[in-house]
Amino acid sequence: MNSPRAIAMAMHVHASFSEGTASYESHLEQASRHGVDVIWWTDHDFRVAAHQYRRAVRFDGPVEAEGELEWAWTEERSGELSAASAEYVTEPRTQDEDGSALRLTVIGGPGGGELWQRGTAFNWTYSTSLADTTLELDILPEEVATGTALVLQIESSHHPARAGRPAGQYRLEYRFGGAEQAEHRAEGLLGIVRVPVVPRRWQRTTLRPVDDIARIWPDLVAEDNSLHQLRIGVRVDEGERVRFVVDRLRFDRGRGVGPAGVRLRRDVLARYAGAYPGVAGYEAFEISLVRHLNWFGGELTLPPLPVPPYRDNDVERTIDMVEFIHRHGGLVQWNHPLDIETPESLAALMIERDNLGADLVEIGREPVENLLDVFDIAARNAVFFTGVGVTDDHEGTDWLHQKNNWLTYVWAPSTGVADLTGALRAGRAWFCDPARWRGELDVLAWGKPAMGGVAVCDDASVPMEVTATDLPAGYHLDIIVGTVDYAGLADLSPSHAAVSVPAVSGASRNPLDVAVGDGAYVRPQIRDASGALVAVGNPVWLLRTVPPRGIPDDRRITHIG
């Protein structure tokens, strides 16, 4: 068996099957550039399935509903327009749609300009992968001139530099009118599809963005792109007048329902097999319609999804979901736990409900100092979970300098899923800000690696050692020694002392005897010269008796000698 080594992981990453602008390629390039060994692809579960996603826009007004979920159009302008109007009219309209249609009328001013309507949907419920998406739009060109066009623009995903093009976000424009022949061409990161129209006649256009991207940029994995945002507008040259009516926008996603989205994402990811040999990527989910949970490992399957797709933060529903994931062999991470709690209420909930049953918690994210207090309160009460760091990146442009840039390291013998999840279950993990420190961190008890472990012993004190490598001048290793007194809700505050060790060249090895008392825990952390937190390791617990909720088998320290 291989010896454990330090393996760097991005634990919370969203790409083209989520609502942001990132692609899988952009994240893989970031991981490769910054020496990250593993990415867990935690796209939102209901977005992978396109569950309850928008299917139709009828142009009945600036806001319209589909079921209970709203769609809205927001006007945008650019350039110079002598006149411009967007009005919802009952006539003319397509024969296949009741209600209204949208008429766009524009006269170009000096240099010309554009009038846009940007579409937004409840909770981004049209923003996901376009790998299987077909769009339909009915258009009526009432007035068309040489330099004018109706434009349907798709803002898609960010990709790294390739084939002479810079890194950036790709866009696709369908331009109706102003040309006699169809055309596909690229202007850098802008793809242009010209579609001839017949004046003064309704016509239905069927668009397959993935096919057009593949034709315009054949070097891209076309399926690794999102329909991030869509807008419809009119573009005119100086002095020209144009008027179009649009109606009946349809989204047809071939993935259907349920596991079809999972298979589609797997197929897209397979297109990158071998492209980044130093980075392992594993399918995962962010379960998003309860308190947000990441699902790692096990038998990955879509959970039951509610209709409408509203998030329900009820504690019991979240616990039920945790149990569902556990039944499927998965490891559960509680994400951004302060989004609906205060530090005090979060600590109380962890104590009262045993951390909702979650195996991991995002402690390494803003506000990290508040979360660190919660981490210590939980440790004081022998609530066992693994603290991890979070990337939570939706853009794929700069992992190192974004707000939540924390990487999680584990001591594991390989980058295989079983080894990684085993290390996470055991708490053999630390998290760090990679822009400021990328060393190694560990805690030994009785001369053996022990970070994350729990020992029940009769010893008055335990010989321990905290190690950290590559500490820059001015940095400090803090060894936190806390009491385990099961204070519960009576005292929702940390109870610990810190031994601060200034940085020395090379590895810092710091032996200490820890008095067990009625119970204790030890964890390391690192602060830079300004006092900012840059790394945190998981605790080792030293207890007199087995706590009421027991000790997880993966954490039990059984050999002490």
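Just so you know, these numbers come straight off a predicted model, no measurement behind them.

1. Structural notes on the overall build of the protein
Along the backbone of the protein there are 8 helices and 32 strands. Oriented by its inertia axes, the alpha-carbon framework of the protein measures out at about 90 × 45 × 40 Å. Within the protein, the proportion of its 561 residues that are buried is 60%. Within the protein, counting contacts between residues at least 6 apart in sequence, those at least 24 apart form 75% of the total. Counting only carbon and sulfur atoms, one obtains 48% of the accessible surface of the protein, whose full area is about 20,900 Å².

2. Observations concerning the packing of aromatic side chains
Taken as a whole, this structure holds 19 aromatic pairs when the rule is applied. Pairing Trp-40 with Tyr-282 gives two aromatic rings, centres 5.3 Å apart and planes at 45°, and the pair type is tilted. Placement of Trp-40 in strand 2 (residues 38-41) and of Tyr-282 in strand 15 (residues 280-283) is noted, with a sequence separation of 242 residues between them. On the accessibility criterion, Trp-40 (0% relative accessible area) is buried. Taken together, a centroid distance of 6.0 Å and an interplanar angle of 85° make the contact between Trp-295 and Phe-324 edge-to-face. Placement of the pair is Trp-295 in strand 17 (residues 293-296) and Phe-324 in helix 5 (residues 315-327), with a sequence separation of 29 residues.

3. Observations concerning the layout of surface pockets
Its boundaries defined by the atoms lining it, the largest pocket holds a volume of some 500 Å³. Asp-354, Ala-358, Phe-384, Phe-385 and Pro-552 are, among the 22 residues lining the largest pocket, the residues nearest its centre. Residue classes in the lining of the largest pocket are distributed as 10 nonpolar, 6 polar and 6 charged.

4. Re helix 4 (residues 260-270)
Buried within helix 4 are the following residues: Ala-260, Gly-261, Val-262, Leu-264, Arg-265, Val-268 and Leu-269. On its buried face, helix 4 sits against helix 1 (24-33), strand 2, helix 2 (45-48), strand 15 and strand 16 (285-287).

5. Points about unusual backbone geometry
Pro-308 follows Val-307 through a cis peptide bond whose omega is -5°. Following the sequence through the fold, Pro-308 ends up in the loop between strand 17 and helix 5. Here the residue pair Glu-366 and Pro-367 is connected by a cis peptide bond, since its omega of 0° sits within 30 degrees of zero. Even without glycine at this site, Ala-50 takes up a positive phi of about 50°. Residue placement: Ala-50 occurs in the loop between helix 2 and strand 3 (56-57). Judged by its relative accessible area of 13%, Ala-50 falls in the buried class. In the Ramachandran plot, Asp-392 falls in the positive-phi region, its phi being about 45° despite a non-glycine side chain. By secondary structure assignment, the location of Asp-392 is in the loop between strand 20 (386-389) and strand 21 (407-412). Since its relative accessible area comes to 18%, Asp-392 is described here as buried.

6. Here we look at the pattern of salt bridges
Counted according to the given criterion, the structure contains 48 salt bridges. Between Glu-173 and Arg-235 there is a salt bridge, with its nearest N and O atoms 3.1 Å apart. With Glu-173 in strand 9 (residues 168-176) and Arg-235 in strand 13 (residues 229-236), this pair connects stretches of sequence that are 62 residues apart. Taken as a pair, Glu-173 and Arg-235 share a single burial class, namely buried. For Arg-291, the salt bridge goes to Glu-341, with nearest N and O atoms at 2.8 Å. Placement of Arg-291 in the loop between strand 16 and strand 17 and of Glu-341 in the loop between strand 18 (331-334) and helix 6 (343-352) is noted, with a sequence separation of 50 residues between them. Glu-341 carries the same exposure label as Arg-291, and that label is buried. Salt bridges sharing partners connect three or more residues here, namely Arg-103, Glu-142, Glu-143, Arg-241 and Arg-243.

7. Some remarks on the sheet that holds strand 26 (residues 461-468)
Taken in spatial order, the 4 strands of this open sheet run 24-23-26-29, and their pairing is antiparallel. Strands at the two margins of the open sheet, each flanked by one partner only, are strand 24 (448-449) and strand 29 (508-515). Where strand 23 (residues 441-445) lies against strand 26, 5 bridges are found, and the strand directions are antiparallel. Paired with Asp-442 across the two strands is Thr-467, which belongs to strand 26.

8. Quick word on empty space enclosed by the protein
Applying the stated criterion across every chain yields a total of 2 cavities of 30 Å³ or more. Of the voids in this model, the largest cavity is the one considered here, and its volume is about 40 Å³. Taken together, Asp-45, Ile-287, Leu-289, Val-290, Pro-303, Pro-304, Leu-305, Pro-306, Arg-317 and Met-321 make up the lining of the largest cavity. Residues that form the lining of the largest cavity fall into these classes: 8 nonpolar, no polar and 2 charged. Its boundaries defined by the atoms lining it, the second largest cavity holds a volume of some 30 Å³. What lines the second largest cavity is His-34, Val-36, Trp-399, Leu-400, Leu-407, Pro-434 and Arg-438. Across the lining of the second largest cavity, the residue classes break down as 5 nonpolar, 1 polar and 1 charged.

9. Focus: the packing of helix 6 against helix 7 (residues 368-380)
Interhelical geometry of helix 6 versus helix 7 gives an angle of 30° and a closest axis separation of 9 Å. One element, helix 6, and the other, helix 7, form an angle in the roughly parallel class. In terms of crossing hand, the pair formed by helix 6 and helix 7 is right-handed. Contacts between helix 6 and helix 7 involve Pro-343, Leu-346, Ala-347, Met-350 and Ile-351 from the former and Asn-370, Leu-371, Val-374, Ile-377 and Ala-378 from the latter. Here the contact of helix 6 with helix 7 is built from residues that sort into 9 nonpolar, 1 polar and no charged.

Calculation notes
- Residues numbered from 1 in each chain as written.
- Predicted model: local features only at pLDDT ≥ 70, side-chain atom pairs only at ≥ 80, totals over all residues.
- Heavy atoms only, no water.
- Helix = DSSP H or I, 4+ residues; strand = E, 2+ residues; numbered from the N terminus.
- Buried < 20%, exposed > 50% of the residue type's maximum accessible area, 1.4 Å probe, protein only.
- Contact = heavy atoms within 4.5 Å.
- Areas by Shrake-Rupley, 256 points an atom, 1.4 Å probe, with all protein chains shown as cover.
- Phe/Tyr/Trp six-rings, centres within 6.5 Å; stacked < 30°, edge-to-face > 60°.
- 1 Å grid on protein atoms, 1.4 Å probe; cavity = no way out; pocket = protein on both sides within 12 Å on 5 of 7 lines; lining within 4 Å.
- Points joined across faces, edges and corners; volume = space filled by probe spheres on them.
- Nonpolar A, V, L, I, M, F, W, Y, C, P; charged D, E, K, R; others polar.
- Salt bridge = Lys/Arg side-chain N within 4 Å of Asp/Glu carboxyl O.
- Pairing = 2+ DSSP bridges.
- Axes fitted to C-alpha atoms, helices over the stretch in contact; angles between N-to-C directions.
- Parallel < 35°, antiparallel > 145°, perpendicular 65-115°, else oblique.
- Left-handed = near helix turned anticlockwise from the far one by under 90°.

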